[in-house]
Every structure is written in C-alpha cells, then in structure tokens.
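Letter by letter, the chains look like this.
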Amino acid sequence: MASNTSNDNFQHRPRQRNGPPPPRRQGRNPPPPSSSTRTSQNQPQQQTPQEKKKPVFVKVDQLKPGTSGHTLTVKVVDQNSVPQKPGAASSHLRPARISECLVGDETACILFTARNDQVDLMKPGATVNLRNAKIDMFKGSMRLAVDKWGRIEVTEPADITVKEDNNLSLVEYELVNVVEE
C-alpha cells in the first residue's frame, strides 16, 4: 500500500532566506560596514595603504636596559664566535651559531649577539643598520640583539669612528625591587 505522506518524498534542500542575515556577534573582528557604505559588487573597494612611520635613529649611548624597537646605524669593530657546549642543542635541531660582536658609533659601543645567519653579516669593518633591535640582559650587562621581528641591513661603509672607551656592556646593572608604602 503506497502511502502518500510528505515523509516519503522528503528531500533536504537549503531554505531560502527572506530578508537580511541575522546580526553578527561582537568578537575580535569589527562589524561589517553598513549597507549605505558598501560599494557595488562590480567596483572593487580601494584600500588606503597604511602610512609607514619614518624610523627614528638613536645613538648607542641612548640605549637603556629592557628597551626595544631601536633603529640605529653602527660599525662592527670586532667579532668573536661563542663555542657551543656539546649536547647543548637537541639532536633534531641544527646547532646554533652564536657570535658576540662589538658594535658602536661615535658616542659609545656595545656587544651585539649575532645568531645563525646574522653572523655572516656582522664582519669587522662593516657598517650595518639594525632595525627593531632590543636590549637583552646577560649576567647583569646589556647586550644588543635583533630577533625575528627585526632586521639587519648591511649599508655602504660610513665614516664612523667608534668610541671604544665607552662600552655599555661593561656597565653592570643590578635588579632592585622597589616597594611602595
């Protein structure tokens, strides 16, 4: 006996929606532009390029412990490779190349920690631009470093006479806890 109920001939079809979509939840992303500010689908929306800030170059003697985001031009005075301890790196990682370079300008000098590919760029006598450099503390003294968010650019040689008698890495800092009453 053939029953002619609606369950036998039921098919899953997407429902047609009448009206605007439901409101979006407020989350990380900003709400979409209202319909009055939308452009037509045929015309691509033009994005205004974000204006880049001009880098503010600082001198080596202006560097302070715990700061970052520095842009400076320095000359490499000396480079000493740091020997790796056996078994320091895991077996599945390639061994890290680390070199301590004395860099500076006419105001002061500081030790720069170069890692892996940076070691090849930091040759004695080279003039380099360090972008987004940071100050790391190592055994109470300052070290300059550039991590993955920064950049090292070798530039044309500049006539910089490095002031080697003002080495900021020789100044020892002590961590002091300040208690407010």
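Residues numbered from 1 in each chain as written. Predicted model: local features only at pLDDT ≥ 70, side-chain atom pairs only at ≥ 80, totals over all residues. Heavy atoms only, no water.

Looking at an unreviewed UniProt entry, one finds the protein chain named Nucleic acid-binding OB-fold and attributed to Arabidopsis thaliana x Arabidopsis arenosa.

**Student:** Explain the overall build of the protein chain residue by residue, including any values.
**Tutor:** Each helix and strand counted, the protein chain has one helix and six strands in total. Traced from its N-terminal end to its C-terminal end, the protein chain shows the element sequence β-β-β-α-β-β-β. For the protein chain, the residues scored as buried account for 24% of the 181 residues in total. Of the contacts made within the protein chain by residues no fewer than 6 positions apart, 63% connect residues no fewer than 24 positions apart. (Helix = DSSP H or I, 4+ residues; strand = E, 2+ residues; numbered from the N terminus. Buried < 20%, exposed > 50% of the residue type's maximum accessible area, 1.4 Å probe, protein only. Contact = heavy atoms within 4.5 Å.)

**Student:** Hey, could you go over a nonpolar patch on the surface for me, with residue numbers and the actual values?
**Tutor:** A surface patch of nonpolar side chains, amounting to about 240 Å² of accessible area, comprises Met137, Val171 and Tyr173. Note on placement: Tyr173 falls in the segment after β6 (151–155). A relative accessible area of 34% means that Tyr173 is categorised as partly exposed. (Patch = residues over 30% accessible without salt bridge, like charges linked within 9 Å, V, L, I, M, F, W, Y side chains within 5 Å. Areas by Shrake-Rupley, 256 points an atom, 1.4 Å probe, with all protein chains shown as cover. Salt bridge = Lys/Arg side-chain N within 4 Å of Asp/Glu carboxyl O.)

**Student:** So, the layout of surface pockets: which residues are in play, and what are the values?
**Tutor:** Taken as a whole, the largest pocket holds about 220 Å³ of empty space. Together, Val82, Ile98, Glu100, Thr113, Arg115, Asp136, Met137, Phe138, Arg143 and Ala145 line the largest pocket. Elements supplying a minimum of two residues to the lining of the largest pocket: β2 (98–104), β3 (109–115), β4 (127–138) and β5 (141–145). Per-element accounting of the lining of the largest pocket gives the leading share, three residues, to β4. For the lining of the largest pocket, a count of residues per class yields five nonpolar, one polar and four charged. (1 Å grid on protein atoms, 1.4 Å probe; cavity = no way out; pocket = protein on both sides within 12 Å on 5 of 7 lines; lining within 4 Å. Points joined across faces, edges and corners; volume = space filled by probe spheres on them. Nonpolar A, V, L, I, M, F, W, Y, C, P; charged D, E, K, R; others polar.)

**Student:** Please set out the side chain of Ser141 residue by residue, giving values where relevant.
**Tutor:** With respect to the helices, strands and loops of the structure, Ser141 is situated in strand β5. Non-local contacts of Ser141, meaning those with residues more than four positions away in its chain, are made with Asp136, Ser169 and Val171.

**Student:** Account for the pattern of salt bridges, naming residues and giving values.
**Tutor:** Summed over the entire model, instances satisfying the criterion amount to seven salt bridges. Ionic pairing is found between Glu106 and Lys59, a salt bridge with its closest N-O pair at 2.5 Å. On the criterion of sequence distance, the pair formed by Glu106 in the loop between β2 and β3 and Lys59 in the segment before β1 (68–82) is long-range, its members being 47 residues apart. Put simply, Lys134 and Asp136 hold a salt bridge, and the shortest N to O gap is 3.7 Å.

**Student:** Requested: an account of the side chain of Thr127, with residues and values cited.
**Tutor:** Assignment of secondary structure puts Thr127 in strand β4. Residue class for Thr127 comes out buried when judged on its relative accessible area of 2%. In contact with Thr127, not counting residues within four places along its chain, are Thr73, Val74, Lys75, Glu153, Val154, Thr155, Glu156, Pro157, Ala158 and Ile160.

**Student:** I'd like to hear about the pairing of β2, residue by residue, with values.
**Tutor:** In terms of burial, β2 is a largely internal element, five of the seven residues being buried. Pairing between β1 and β2: seven bridges, direction antiparallel. When the bridges of β2 are listed, Lys75 appears paired with Gly104. Bridging between β2 and β3 involves seven bridges; their strand directions are antiparallel. Looking at β3, one finds that Gly104 is bridged to Cys109. (Pairing = 2+ DSSP bridges.)

**Student:** Could you give me a rundown of the environment of Ala158, with the residues and numbers involved?
**Tutor:** Its location among the elements puts Ala158 in the segment after β6. A residue is classified by how much of its surface remains accessible, and Ala158, at 30% relative accessible area, is partly exposed. Between the C-alpha atoms of Ala158 and Thr73, which are 85 residues apart in sequence, the distance is 9.2 Å.

**Student:** Any details on the pairing of β4? Residues and values, ideally.
**Tutor:** Where β1 and β4 come together, six bridges link them in antiparallel fashion. Its bridge partner lying in β4, Thr73 is registered against Asn129. Here β4 pairs with β6 via five bridges, running antiparallel. Among the inter-strand pairings, Asn129 is bridged to a residue of β6, identified as Glu153. As paired elements, β4 and β5 share five bridges and run antiparallel to each other.

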